[in-house]
Amino acid sequence: MATKHSPSTADIHLRSYREEPLAHSHDFPQLVLPLSGRLELDIAGRQGLADAATGAFVEPGATHATSAAGVNRSLILDLAPAMVGAQLMEQLVLRPFMPLPQAAGKLVEFMGLMLQQQQKIAAAQLQHWVPLLLDTLAMTAPRAHSRLHVLMAKIEAEPGLPWSVAEMAAAAAISPSRLHEWFRQETGDTPRAWLAETRMKRACELLRTSPLPLSEVALRCGYADQSALSNAMRKLRHTTPAAYRRAQQTPLPLE
């Protein structure tokens, strides 16, 4: 029997299972969220099925085995114990095979699609996605923490939109002053400063990985024009877009 140790935050994997069950345990909570097919699980002696409409929860320390016949694919979410509150932990331990609310199902589908496209999910994406998923499983209204991360995920997905503090607050259904409080508590920064850094990170990513003209990079990242991008990059990265792109290019090997 194998034993796995707790992740520091959250890890997500895309897995397929075979007929032969492998019993193991780990010291962290785990969610089994099938995307297709059906899994048979034995969790500490409790048997059940998981499919696209039913997830499974494995509590820390529980010996469990998973098997399946036919094609199947599942999201396996390993959580740091601190990420699951005591009330939700108790709820899931009592009901390890839980029907997924529609909202949770949509979140699972979305993350499954992201994993299939990108092979690996960035830590920042998990940081936004996991709290919202846990809230939907608890069937409670999203907490302030989750609502802020939903907003941040929207902005990171479309940094080129004309986000103002007022528009950000409206998207989160709160006042601008409350938005400032949330950002200060969560990031230690103001909404404007966080937005500026988010746009700059996306611009740097595009400069590294795409051949887009600098003017197009600017527009996609929310800058009015190439000059605005250059000014922002000088301020935040102490360089220019063209110089940054040249520095990131991999030199061709000498023949």
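Heads up: the structure comes first, above all this text.
Residues numbered from 1 in each chain as written. Predicted model: local features only at pLDDT ≥ 70, side-chain atom pairs only at ≥ 80, totals over all residues. Heavy atoms only, no water.

Quick look at the overall build of the protein chain now. Per the secondary structure count, the protein chain includes 10 helices and 10 strands. Counting all 255 residues of the protein chain, 42% fall into the buried class. In the protein chain, the proportion of contacts linking residues at least 24 apart, taken out of those at least 6 apart, comes to 67%. (Helix = DSSP H or I, 4+ residues; strand = E, 2+ residues; numbered from the N terminus. Buried < 20%, exposed > 50% of the residue type's maximum accessible area, 1.4 Å probe, protein only. Contact = heavy atoms within 4.5 Å.)

Restricting attention to buried positions, one finds in helix 1 (residues 86–94) the residues Leu88, Met89 and Leu92. In a view along the axis of helix 1, the buried residues occupy a sector of 100°, so they form one face of it. The exposed set on the far side of helix 1, more than 90 degrees from its buried face, consists of Ala86, Gln87, Glu90 and Leu94. (Arc of directions from axis to C-beta.)

Moving on, we come to the sheet that holds strand 4 (residues 30–36). Note: strands within a sheet are paired through backbone hydrogen bonds, in either parallel or antiparallel orientation. Taken together, the five strands give an open sheet; going across it, the order is 2-9-4-7-10, and neighbouring strands pair in antiparallel fashion. Every other strand in the sheet has two partners, leaving strand 2 (10–15) and strand 10 (97–99) as the edge strands with one partner each. Going across the sheet, the axis of each strand differs from the next one's by a mean of 25°, ignoring polarity. Relative to strand 10, strand 7 (residues 54–58) runs antiparallel, the two being bridged by three bridges. Residue pairing across strands places Thr54 opposite Pro99, the latter belonging to strand 10. (Pairing = 2+ DSSP bridges. Axes fitted to C-alpha atoms, helices over the stretch in contact; angles between N-to-C directions.)

Glancing now at the environment of Thr198. Within the element layout of this structure, Thr198 appears in helix 7 (residues 191–209). Taking the C-alpha atoms as reference, Thr198 lies 8.3 Å from Ile155; in sequence the two are 43 residues apart.

Here the focus is the pattern of salt bridges. Scanning the entire structure with this criterion turns up four salt bridges. Notably, a salt bridge pairs Arg178 with Glu181, separated by 2.6 Å at the nearest N-O pair. Residue Arg178 and its partner Glu181 are both found in helix 6 (residues 176–187); the two are separated by three residues, about one turn of the helix. Given the relative accessible area of 34%, Arg178 is considered partly exposed. Here Arg220 makes a salt bridge to Glu216, at a shortest N to O gap of 3.0 Å. Of this pair, Arg220 and Glu216 both sit in helix 8 (residues 214–220), four residues apart, roughly one helical turn. Taking relative accessible area as the criterion, Arg220 reaches 44% and is therefore assigned partly exposed. (Salt bridge = Lys/Arg side-chain N within 4 Å of Asp/Glu carboxyl O.)

Our focus in this paragraph is the nonpolar core. Leu31, Leu77, Trp129 and Leu133 are the most contacted members of the largest nonpolar core, which totals 28 residues. Elements supplying a minimum of two residues to this core: strand 2, strand 4, strand 9 (73–79), helix 1, helix 2 (102–118) and helix 3 (123–137). Excluding its chain neighbours within four sequence positions, the residues that come into contact with Leu133 are Leu31, Leu33, Leu77, Ala104, Leu107 and Val108. (Core = buried A, V, L, I, M, F, W, Y, C linked by side-chain atoms within 4.5 Å.)

So, about the environment of Ala228. Tracing the backbone shows Ala228 in helix 9 (residues 226–237). As a C-alpha pair, Ala228 and Ser215 span 13 residues in sequence and 9.7 Å in three-dimensional space.

Moving on, we come to unusual backbone geometry. Despite not being glycine, Ala44 has its phi angle at roughly 55°, a positive value. Relative to the helices and strands, Ala44 is located in the loop between strand 5 (39–43) and strand 6 (46–50). Even without glycine at this site, His238 takes up a positive phi of about 55°. Tracing the backbone shows His238 in the loop between helix 9 and helix 10 (241–248).

The final tally for this structure, using the stated rule, is one aromatic pair. Relative to Trp194, the ring of Phe183 has its centre 5.5 Å away and its plane inclined at 50°; by these criteria the two rings are tilted. One end of the pair, Phe183, is in helix 6; the other, Trp194, is in helix 7, with 11 residues separating them in the sequence. Relative accessible area serves as the criterion here: at 0%, Phe183 is assigned to the buried category. We classify Trp194 as buried; its relative accessible area is 11%. (Phe/Tyr/Trp six-rings, centres within 6.5 Å; stacked < 30°, edge-to-face > 60°.)

Of the two faces of strand 8 (residues 64–67), both are covered, the one formed by His64 and Thr66 as well as the one formed by Ala65 and Ser67. Alignment of strand 5 against strand 8, held across four bridges, turns out to be antiparallel. Bridging across to strand 8, Glu40 finds its partner in Ser67.

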